[in-house]
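Residues per chain are reported as follows:
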Amino acid sequence: MSKNLEHQFVTELENNQNIVHKVCTLYTHDRESHNDLFQEITIQLWKAYPKFRGEAKFSTWMYRVALNTAITLYRKSKKKVKTQDFDSVLFKIKAQEYDDTEEQQLKLMYNAIKELGDIEKALVFLYLEDKNYAEIAETLGISEVNARVKMNRVKNKLRTILNP
Amino acid sequence: MMDELELLKKDWQKKTASLPKLSYDEIYNMILKKSSSIVKWIFYISIAEFLFWILIGQIPVGESSTSELKNTNTLYTILEVLSYGIMLFFIVKFYLNYKKINTTDSARALMKNILKTRRTVVTYVWVSLSVFAISLVIVTAELIFYEPEFTALNEKLAAADSSLMVYALIGIIVIGCILVTGVLLWLFYRLIYGILLKRLQENYKELKKLEV
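If you're wondering where the values come from, they're calculated on a predicted model, not measured in any experiment.

S.K.: Quick rundown of the overall build of chain B? Include the residues and the values.
M.R.: Along chain B, the regular secondary structure elements total seven helices and zero strands. Counted from the first residue to the last, chain B has its helices and strands arranged as α-α-α-α-α-α-α. Counting over 212 residues, chain B shows a buried share of 15%. Counted over contacts in chain B with a minimum sequence separation of 6, partners at least 24 positions apart contribute 74%.

Below is the structure:
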């Protein structure tokens, strides 16, 4: 593959790396596996890049490959890490930005999301990224109606986790 | 709850500042590294399995001692052609399925194709094992009924009262061996599947369940 393509790809990814980092935060529990997953997603993106013809925005195209890698291709390490790690490293909520209850609420919600299954996390992720149901359905390979149904179930599940 | 989620969405979109930031060079170095995805593992394990079972198939099962027997010879040729045909069919099928694995597919299609690729190999193993078992039964029967060393014994057996029991015993031993091998292999596959594909299968089931 040409140097030019490499340069183009790395620049695009550098500019859009937040998407990949966000996926990594949802699916891993510590810094090391975060980097590991980031690495694997980068490789998968790079492998698929020659087929990317600019028919969609680079970022839109990234969601699919990144999520597919996190859900399907990546082999999670068995190591179980406490949720505090995740709080302190990446989802640290700055106290001055919110009042206490809001901060507390967010913290609880992020923890609740971490307890969801792989597919449920993907749904929440796409929802948080402001994707519409058509896009969510397409990314996961289910119908739009079912994406809605599933999303409602996930919301209910989050509610149960938050208010046991 | 809706409000909470909206609040979360706002917060999530502001998160950017707290996320790690990699440099151009760091990302560049990443694309030079090798993937460690399960697809790669599946590919290597599958190739190893094909090689293993092809080698197993090469072990001559009492062929030399029975070469004079015409009717069984034809049977051997049929079995041999059959097992090569099966092998070729499954290798082609495996390759085509493997090629279909595409990370830009939807999650469901990707999972489906991975599972299909894996299933091809497992089916190949069971089919070739069945062919192997059938040849084993044929060879054993043949040894007992046609081999000169056994014919003498056979005559004695036929003369004895308990001949039926001895035949039954031999039959049970052969079938027993096949069953034990089968169970061991099944356990081995449970293990491989458990290690490699448990999560994938669960996720696939979850997506599939939605579509029912």
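S.K.: Tell me about the overall build of chain A, residues and numbers included.
M.R.: Helix and strand counts for chain A stand at eight helices and zero strands. Counting helices and strands in the order they occur from the N terminus, chain A gives α-α-α-α-α-α-α-α. When burial is assessed residue by residue, chain A has 40% of its 164 residues classed as buried. The contacts of chain A with a sequence gap of at least 6 include a subset with a gap of at least 24, amounting to 62%.

S.K.: Explain unusual backbone geometry residue by residue, including any values.
M.R.: Although it is not a glycine, D130(A) adopts a positive phi angle of roughly 70 degrees. Relative to the elements of secondary structure, D130(A) occurs in the loop between α6 (118-128) and α7 (133-140).

S.K.: Let's hear about the UniProt feature "domain: RNA polymerase sigma factor 70 region 4 type" (unreviewed entry) in chain A: which residues, and what values?
M.R.: Here, UniProt's "domain: RNA polymerase sigma factor 70 region 4 type" (unreviewed entry) annotation points to residues 109-158 of chain A. End C-alpha to end C-alpha, residues 109-158 of chain A measures 8 Å, and it is 80% helix and 0% strand.

S.K.: Outline the confidence of the model for chain B, supporting the account with residue identities and numerical values.
M.R.: Residue and element names in this part refer to chain B. With 88% of its residues at a pLDDT of 70 or more, chain B shows a mean pLDDT of 81. The weakest mean pLDDT in chain B belongs to helix α6 (residues 148-159) at 71; the strongest belongs to helix α2 (residues 24-32) at 92. Across the interface, the model reports ipTM at 0.80; the global pTM reads 0.79.

S.K.: Just give me the short version of the environment of V10(A), but keep the residues and values in it.
M.R.: Structurally, the position occupied by V10(A) is in helix α1 (residues 3-27). For the pair V10(A) and W46(A), spaced 36 residues apart in sequence, the C-alpha to C-alpha distance is 8.7 Å. Setting aside chain neighbours within four positions, we find V10(A) in contact with Y24(B), I27(B), Y28(B) and I31(B).

S.K.: Could you give me a rundown of the confidence of the model for chain A, with the residues and numbers involved?
M.R.: All names here are of chain A. Within chain A, residue pLDDT values average 83, and 84% of them lie at 70 or more. Low pLDDT (under 50) marks residues 78-90, which in the prediction has 15 contacts with non-local residues, meaning those over four places away or in another chain. pLDDT under 50 marks residues 92-98. Its contacts with residues more than four places away, or in other chains, come to eight contacts.

S.K.: Lay out the nonpolar core in plain terms, naming residues and giving numbers.
M.R.: Core analysis: the biggest nonpolar cluster contains 64 residues, and V23(A), A66(A) and A122(A) have the highest contact counts within it. Mapping this core onto the domain boundaries places at least three of its residues in each of domain 1 (1-92) and domain 2 (94-164) of chain A.

S.K.: Now, about the interface of chain A and chain B: what can you tell me, with residues and values included?
M.R.: Each partner contributes residues to the interface: chain A has 48 residues there, and chain B has 39 residues. Looking at the side of chain A that touches chain B, the elements that each hand over two or more residues are α1, α2 (31-48), α3 (58-73), α5 (100-114), α6, α7 and α8 (144-162) of chain A.

S.K.: I'd like a rundown of the domain arrangement of chain A, residues and numbers included.
M.R.: All names here are of chain A. Each assigned domain of chain A is listed here: domain 1 (1-92) and domain 2 (94-164). Between domain 1 and domain 2, the contact holds eleven residues from the first and nine residues from the second. For the side of domain 1 that touches domain 2, the secondary-structure elements that each account for two or more residues are α1, α3 and α4 (83-89). Per element, the largest residue contribution to the side of domain 1 that touches domain 2 is four residues, and it comes from α3. When the residues that make up the side of domain 1 that touches domain 2 are grouped by side-chain class, the tally is eight nonpolar, one polar and two charged.

S.K.: So what's going on with the packing of α6(A) against α7(A)? Residues and values would help.
M.R.: Residues and elements named next belong to chain A. Viewed as axis vectors pointing N to C, α6 and α7 meet at an angle of 145 degrees, and their least axial separation amounts to 10 Å. α6 and α7 meet at a crossing whose hand is right-handed. Where α6 abuts α7, its residues A122, L123 and L126 lie against E135, I136, T139 and L140. Of the residues belonging to the contact of α6 with α7, the class tally is five nonpolar, one polar and one charged.

S.K.: How would you explain the packing of α3(A) against helix α5 (residues 107-146) of chain B if you had to name every residue and give the values?
M.R.: Relative orientation of the contacting elements α3(A) and α5(B) amounts to 40 degrees, with a least axis distance of 10 Å. Accordingly, the angle class assigned to the pair α3(A) and α5(B) is oblique. Once α3(A) is placed against α5(B), the crossing between them reads as right-handed. Of the residues in α5(B), those touching α3(A) at L67(A), N68(A), I71(A) and T72(A) are A107(B), L110(B), M111(B) and I114(B). Taken together, the residues that form the contact of α3(A) with α5(B) break down as six nonpolar, two polar and no charged.

Procedures and definitions
- Residues numbered from 1 in each chain as written.
- Chains lettered and ligands numbered in written order.
- Predicted model: local features only at pLDDT ≥ 70, side-chain atom pairs only at ≥ 80, totals over all residues.
- Helix = DSSP H or I, 4+ residues; strand = E, 2+ residues; numbered from the N terminus.
- Buried ≥ 20, exposed ≤ 12 C-beta atoms within 10 Å, placed from the backbone.
- Contact = placed C-beta atoms within 7 Å.
- UniProt positions renumbered as here; feature names shortened; annotations may be inferred.
- pLDDT = per-residue confidence, 0-100.
- Core = buried A, V, L, I, M, F, W, Y, C linked by C-beta atoms within 7 Å.
- Domains from an automatic or database assignment.
- Nonpolar A, V, L, I, M, F, W, Y, C, P; charged D, E, K, R; others polar.
- Axes fitted to C-alpha atoms, helices over the stretch in contact; angles between N-to-C directions.
- Left-handed = near helix turned anticlockwise from the far one by under 90°.
- Parallel < 35°, antiparallel > 145°, perpendicular 65-115°, else oblique.

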